[in-house]
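# Tertiary structure, described
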There are 2 protein chains.
Amino acid sequence: MIPASLLNGLRDATRVLAVSHVKPDGDAIGSLLALGHMLGALGKSSVLSLNDPVPAIYRSLPGADAIVGPQRDAAGFDAVIALDCSSVDRLGRAYGAAFAHLPLLVIDHHITNDRFGTINWVAPECAATSQMLLLLADALGVTIDQPMAQCLLTGLVTDTLCFRTNNTTAAVLAAGMRLLEAGGNLTTITENILEQRSFNVVRLWGTVLDAAQLEQGVIWVTISLAQFEACGANGDDGSLSSLLIRTEGADISATFAEKLGESGAAAVECSFRARKGFDISGVAQQLGGGGHPAAGGCTVPGTLAEATAKVIPLLQQARTNGLSEP
Amino acid sequence: MIPASLLNGLRDATRVLAVSHVKPDGDAIGSLLALGHMLGALGKSSVLSLNDPVPAIYRSLPGADAIVGPQRDAAGFDAVIALDCSSVDRLGRAYGAAFAHLPLLVIDHHITNDRFGTINWVAPECAATSQMLLLLADALGVTIDQPMAQCLLTGLVTDTLCFRTNNTTAAVLAAGMRLLEAGGNLTTITENILEQRSFNVVRLWGTVLDAAQLEQGVIWVTISLAQFEACGANGDDGSLSSLLIRTEGADISATFAEKLGESGAAAVECSFRARKGFDISGVAQQLGGGGHPAAGGCTVPGTLAEATAKVIPLLQQARTNGLSEP
């Protein structure tokens, strides 16, 4: 299952640059930190690098302090490992031309992965890249210690919304069980990371949800900059879409959040969710974004009205496609 | 762990009345149906009885059609089994005087259980009564088939909010894994039961959440009858409390829902949630209700203003108590 070339590449490496995607989430950071611990256990050195700073909710994870910004000097490195990343542009500035001569090992669970590495281990049957790293640790004979367990559990739990997504298999629960047995603390993750939201966001929901619309199986809300400001909230991060997808009669959900794009032009950040049997990844990709069948997003130029006029029909078509498939 | 007297009582029984609590939830119905399957596998007959009708979302569970209302005739029965019930009054009319001469076997995971049975197996270390029935099946040598797995998984997943509550241990995930391996379908439960809510409830949230209050670590909302009616919603079922407890700065959450009590007097249905380290079960019991440290509720007479004036200080005291404990 794990390509032999990947295991060999890892065994041959002595100093690794490990990177993950822009706007890092729990699986990006959890898998990155766990890989750092794992490489250390194998007697190798590593530099963990991200395009963006580590979000506050992940800064207490063991080793998070060691994550650095983009590196320019490839001297001394003999391999790059890219985690949880479906295409090279998602790495941002964390992977640059200076490293292009080194073997690039890709470890990712996204079905949309375009195999941009020298060696690619893509396992869409895994619900998180962190789940893949547990398999990797086993293959390399690395014992899962408590810090590693906490990092991997964070990735597994955040990517599955704590075992709720429809790719939660018996293997996912088995991985969770092993990580709990190895000392992982589930409550820390569910209470402090997974659904932690500010009081301002709660008020934001109160402000926008009564204008939610549900048509042809697609439910959506819009959030204007003025509404964000009135509630003191500065973002939504897709949690409204996750909330809305549980509405009776909705097969696809969407949130449209107004923002100022580059150079101050109007733009709208779109977040999509779909129930099992429906696939929004095509719409997200078509609009320049990405994601899984069940969750994804994109940013489109224009006003809220322009964005909904453009995107809702595409989502309704995706819903129709899902209904007509066996 | 399982009392020998309970195993013997079960082995001796030939025809069992199995009951669970009023306002049945996923664990009440899931464990009741699984017990029925289990008794059948052991060559025993059973009648499954509840005070209230089976809610629509549980009617597709295997065997749900066989659940009947309160029974008056004890002829032919030789034992009663009460599931997921912390005190006898929670059984409502499903357990009456006609059955008082029979052995009453209590199987429950609530820490507040008052041991009202002839034989009591109370396992607060289990996150659901359904988790206990998996142990019981093992002890009795019953193989978990697909229908039993689906019923037990429904109980386990609904009581833990799909492995999110702070009593989710490695043993809980191990139980979930076994039930998936036995053919349980997790997606059916998360998508159709767990957080399924009507579009009217979404609009209700939009109506009440912008008036949420957060003081001294307690966050709460009130819902008037007029607000229920304006949204076409007829209940909340604690889901708002579960949502609110994830707010930064909140250790305890509460929802106060106005309703017409018996004889038309004003009353307020209260639903509480608490983070790990805090305990709302004392407040709920003090006000005539019940629950766990992390989740519970009660009904208090009076208006919304009277209820919040009475209950919020008690919750704030419970929060202070939690802060001062080691």
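Note that the structure is a prediction, hence the values are computed from the model and not measured.

On to the overall build of chain A. If you tally the helices and strands in chain A, you get 11 helices and 11 strands. Its C-alpha radius of gyration of 20 Å places chain A within 12% of the 20 Å reference for a compact globule of 326 residues. Across the 326 residues in chain A, those meeting the buried criterion constitute 57%. Considering only contacts within chain A whose residues lie at least 6 apart along the sequence, 67% involve residues at least 24 apart.

On to the packing of helix 3 (residues 129-140) of chain A against helix 5 (residues 170-181) of chain A. Residue and element names in this part refer to chain A. Relative to each other, helix 3 and helix 5 sit at 65 degrees, their axes nearing to 10 Å. Overall, the two elements helix 3 and helix 5 adopt an arrangement that is roughly perpendicular. Handedness of the crossing formed by helix 3 with helix 5: left-handed. Contacts between helix 3 and helix 5 involve Gln131, Leu134 and Asp138 on the former and, on the latter, Ala171, Val172, Ala175, Arg178 and Leu179. Considered class by class, the residues forming the contact of helix 3 with helix 5 number five nonpolar, one polar and two charged.

Core analysis: the biggest nonpolar cluster contains 120 residues, and Leu136 of chain A together with Leu136 of chain B have the highest contact counts within it. If sequence neighbours within four positions are ignored, Leu136 of chain A has contacts with Ile2, Leu6, Leu7, Leu10, Met38, Ile107 and Trp121 of chain A. Residues Val202 and Ala257 of chain A together with Val208 and Leu243 of chain B belong to the second largest nonpolar core, which totals 38 residues.

What follows covers the pairing of strand 8 (residues 252-260) of chain B. Residue and element names in this part refer to chain B. As paired elements, strand 7 (residues 218-223) and strand 8 share six bridges and run parallel to each other. Bridge pairing in strand 8 places Thr222 opposite Phe256. One ladder, built from nine bridges, connects strand 8 with strand 9 (residues 266-274); its direction is antiparallel. Residue pairing across strands places Ala257 opposite Glu269, the latter belonging to strand 9.

Turning next to the interface of chain A and chain B. Often the size quoted for an interface is simply the accessible area lost on bringing the parts together. Listed by partner, the interface residues are 42 residues for chain A and 42 residues for chain B. Where chain A packs against chain B, one counts zero salt bridges. Secondary-structure elements contributing two or more residues to the side of chain A that touches chain B are helix 5, helix 6 (186-194), helix 7 (199-208), strand 6 (213-215) and helix 9 (239-244) of chain A. In terms of residue class, the side of chain A that touches chain B is built from 19 nonpolar, 12 polar and 11 charged.

Before going further, it helps to examine the domain arrangement of chain A. All names here are of chain A. Per the domain assignment, the segments of chain A are domain 1 (4-194) and domain 2 (200-324). The straight-line distance from the C-alpha centre of domain 1 to that of domain 2 is 28 Å. The interface of domain 1 with domain 2 comprises seven residues on the first partner and eight residues on the second. With both chains or domains summed, domain 1 and domain 2 bury close to 610 Å², and 49% of this area falls on carbon and sulfur atoms. Inspection of the region where domain 1 meets domain 2 yields one salt bridge.

With that out of the way, let us pick up the side chain of Arg164 of chain A. Relative to the helices and strands, Arg164 of chain A is located in the loop between helix 4 (146-159) and helix 5. Look past the residues within four positions of Arg164 of chain A in its chain and what remains in contact with it is Arg246 of chain A together with Leu161, Cys162, Arg164, Thr190, Leu194 and Glu195 of chain B.

Residues and elements named next belong to chain A. Enumeration over the complete set of coordinates arrives at eight salt bridges over all chains. Note that Lys23 and Glu269 form a salt bridge whose closest N and O atoms lie 3.7 Å from each other. Taken together, the residues Lys23 in the loop between strand 1 (15-19) and helix 2 (26-41) and Glu269 in strand 9 (residues 266-274) connect sequence positions 246 residues apart. Glu269 sits in the partly exposed class, given a relative accessible area of 34%. Among the ionic pairs, Arg178 bridges to Asp138, the shortest N-O distance being 2.7 Å. You can see Arg178 sitting in helix 5 and its partner Asp138 sitting in helix 3, a full 40 residues away along the chain. The exposure class of Arg178 is partly exposed, given its relative accessible area of 34%.

Moving on: the environment of Glu215 of chain B. Residue and element names in this part refer to chain B. Turning to its location among the elements, Glu215 is positioned in strand 6 (residues 213-215). Between the alpha carbons of Glu215 and Ala250 there is a distance of 8.3 Å; along the sequence they are 35 residues apart. With sequence-adjacent residues up to four places away left out, Glu215 is seen in contact with Trp220 and Gln316.

Right, let's talk about the packing of helix 4 (residues 146-159) of chain B against helix 6 (residues 186-194) of chain B for a bit. Two measures define how a pair of helices packs: the angle their axes make with one another and the distance between the axes. All names here are of chain B. One way to put it is that helix 4 packs onto helix 6 with a least axis distance of 10 Å and a crossing angle of 55 degrees. Our classification of the angle between helix 4 and helix 6 gives oblique. For helix 4 against helix 6, the interelement crossing comes out right-handed. Together, Gln150, Leu153, Thr154, Val157 and Thr158 of helix 4 and Leu186, Thr188, Ile189, Ile193 and Leu194 of helix 6 make up the contact between the two elements. Residues belonging to the contact of helix 4 with helix 6 are distributed by class as follows: six nonpolar, four polar and no charged.

Cut-offs used in this document
Residues numbered from 1 in each chain as written. Chains lettered and ligands numbered in written order. Predicted model: local features only at pLDDT ≥ 70, side-chain atom pairs only at ≥ 80, totals over all residues. Heavy atoms only, no water. Helix = DSSP H or I, 4+ residues; strand = E, 2+ residues; numbered from the N terminus. Rg over C-alpha atoms; globule rule 2.2 N^0.38 Å. Buried < 20%, exposed > 50% of the residue type's maximum accessible area, 1.4 Å probe, protein only. Contact = heavy atoms within 4.5 Å. Axes fitted to C-alpha atoms, helices over the stretch in contact; angles between N-to-C directions. Parallel < 35°, antiparallel > 145°, perpendicular 65-115°, else oblique. Left-handed = near helix turned anticlockwise from the far one by under 90°. Nonpolar A, V, L, I, M, F, W, Y, C, P; charged D, E, K, R; others polar. Core = buried A, V, L, I, M, F, W, Y, C linked by side-chain atoms within 4.5 Å. Pairing = 2+ DSSP bridges. Salt bridge = Lys/Arg side-chain N within 4 Å of Asp/Glu carboxyl O. Domains from an automatic or database assignment. Buried area = accessible area lost by both parts, 1.4 Å probe.

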